[in-house]
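Below, each chain spelled out in residue letters.
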Amino acid sequence: MIGILIIAHAPLASALRDCALHVFPDCAQGVMALDVTPNESPEVSLAKAREAVHALGGSEVLLLSDVFGATPCNVAQQINDGLSTRLVAGVNLPMLLRSVCYRHESLEALAARAHAGGTQGVMPVGSTAPQNQTGKRHAPSHNDHQQ
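Residues numbered from 1 in each chain as written. Predicted model: local features only at pLDDT ≥ 70, side-chain atom pairs only at ≥ 80, totals over all residues. Heavy atoms only, no water.

Draft legend 1. Molecular detail of the environment of Cys73. Tracing the backbone shows Cys73 in helix 3 (residues 71–79). Each C-alpha atom of the pair Cys73 and Val88 lies 8.9 Å from the other, and the pair is 15 residues apart in sequence. If sequence neighbours within four positions are ignored, Cys73 has contacts with Ser65, Val67, Phe68, Leu87 and Ala89. (Helix = DSSP H or I, 4+ residues; strand = E, 2+ residues; numbered from the N terminus. Contact = heavy atoms within 4.5 Å.)

Put into structure tokens, the structure is as follows:
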């Protein structure tokens, strides 16, 4: 099974892992988090990331980082060899949940599913149409926002 390493600004990586374990508690061994703190040097973060990849023990690891161009992603890029690892930036919970569900697929397919899960999980959501809302209706000139 492919390992997953989340590398993100503290405390996002751990929070995302905790959320994934809430939904899929059986995935604990295959998903790790590395929180990059503001006072930590990139070299220290890089060493921790390499240790985490090694600790996952598998031959393949999907790397998920938060913001492209930021320190966590730069660290992930340094350990991403494109052969036994793939990196997807912009991690969110839908991306992680999709990744956890498809860890049995090839690394390339898993990276594609992660990307799709992340993008499909972001969507505009409209408010309920006024004609479907319950409660007191006011004239258009009434100032509801004033207290």
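Now that the structure is up, let's keep going.
Draft legend 2. View of the side chain of Arg103. Secondary-structure assignment places Arg103 in the loop between helix 4 (93–101) and helix 5 (107–120). Buried charged residue Arg103 carries no salt bridge. Nearest counter-charge: Asp26, at 9.8 Å. Within the local environment of Arg103, its side chain forms a polar contact with the backbone oxygen of Ile2, the two atoms lying 2.7 Å apart. Discounting residues that sit within four places of it in the chain, Arg103 has contacts with Met1, Ile2, Ile4, Cys27, Gly30 and Leu110. (Buried < 20%, exposed > 50% of the residue type's maximum accessible area, 1.4 Å probe, protein only. Lys, Arg positive; Asp, Glu negative; His and termini not counted. Salt bridge = Lys/Arg side-chain N within 4 Å of Asp/Glu carboxyl O. Polar contact = N/O pair within 3.5 Å; in protein donor to acceptor, adjacent residues only side chain to side chain.)

Draft legend 3. Representation of the nonpolar core. With 21 residues, the main nonpolar core has Ile4, Ile6, Leu62, Leu64, Val88 and Leu96 as its most contacted residues. Elements that contribute at least two residues to this core include exactly strand 1 (3–9), helix 1 (12–23), strand 3 (61–65), helix 4 and helix 5. Filtering out sequence-adjacent residues up to four positions away, Ile6 remains in contact with Ala13, Leu16, Arg17, Val31, Met32, Ala33, Leu34, Leu64, Val91 and Leu96. Formed by 13 residues, the second largest nonpolar core is a distinct cluster that contains Leu34, Ala49, Leu56 and Ile79. (Core = buried A, V, L, I, M, F, W, Y, C linked by side-chain atoms within 4.5 Å.)

Draft legend 4. How the structure looks around the pairing of strand 1. Most of strand 1 sits inside the fold, with six of its seven residues counted as buried. Sheet topology places strand 1 next to strand 3; five bridges connect them, and they run parallel. Opposite Gly3, over in strand 3, you have Val61 as the bridge partner. As a crossover connection, the stretch from strand 1 through helix 1 into strand 2 (residues 31–36) is right-handed. (Pairing = 2+ DSSP bridges. Right-handed = clockwise from strand over helix to strand, strands pointing away.)

Draft legend 5. Structural detail: helix 4. Inspection of helix 4 places Met95, Leu96, Ser99 and Val100 among the buried residues, and these make up the whole buried set. Burial along helix 4 is one-sided: seen end-on, the buried residues are contained in an arc of 130°. Lining the buried residues of helix 4 we find strand 1, helix 1, strand 2, strand 3, strand 4 (85–89) and helix 5. Capping the start of helix 4, Asn92 holds a side-chain oxygen 2.8 Å from the backbone nitrogen of Met95, two or three residues further along. (Arc of directions from axis to C-beta.)

Draft legend 6. Structural context of the packing of helix 4 against helix 5. In the contact formed by helix 4 and helix 5, the axes pass within 7 Å of each other and the chain directions differ by 145°. Crossing angle aside, the handedness with which helix 4 passes helix 5 is right-handed. Contacts between helix 4 and helix 5 involve Pro94, Met95, Arg98 and Ser99 from the first element and Leu110, Arg113, Ala114, Ala116, Gly117, Gly118 and Gln120 from the second. Residue classes in the contact of helix 4 with helix 5 are distributed as five nonpolar, four polar and two charged. (Axes fitted to C-alpha atoms, helices over the stretch in contact; angles between N-to-C directions. Left-handed = near helix turned anticlockwise from the far one by under 90°. Nonpolar A, V, L, I, M, F, W, Y, C, P; charged D, E, K, R; others polar.)

Draft legend 7. Up close: the pattern of salt bridges. All chains considered together, the criterion is met by three salt bridges. Note that Lys48 and Glu40 form a salt bridge whose closest N and O atoms lie 2.5 Å from each other. Its salt-bridge partner being Glu108, residue Arg86 comes within 2.9 Å of it at the nearest N-O pair. Within this pair, whereas Arg86 is found in strand 4, its partner Glu108 is found in helix 5, the two being separated by 22 residues in sequence. Residue classification places Arg86 among the partly exposed residues on the basis of a relative accessible area of 21%.

The quantities given are spatial measurements derived from coordinates; they are silent on function.
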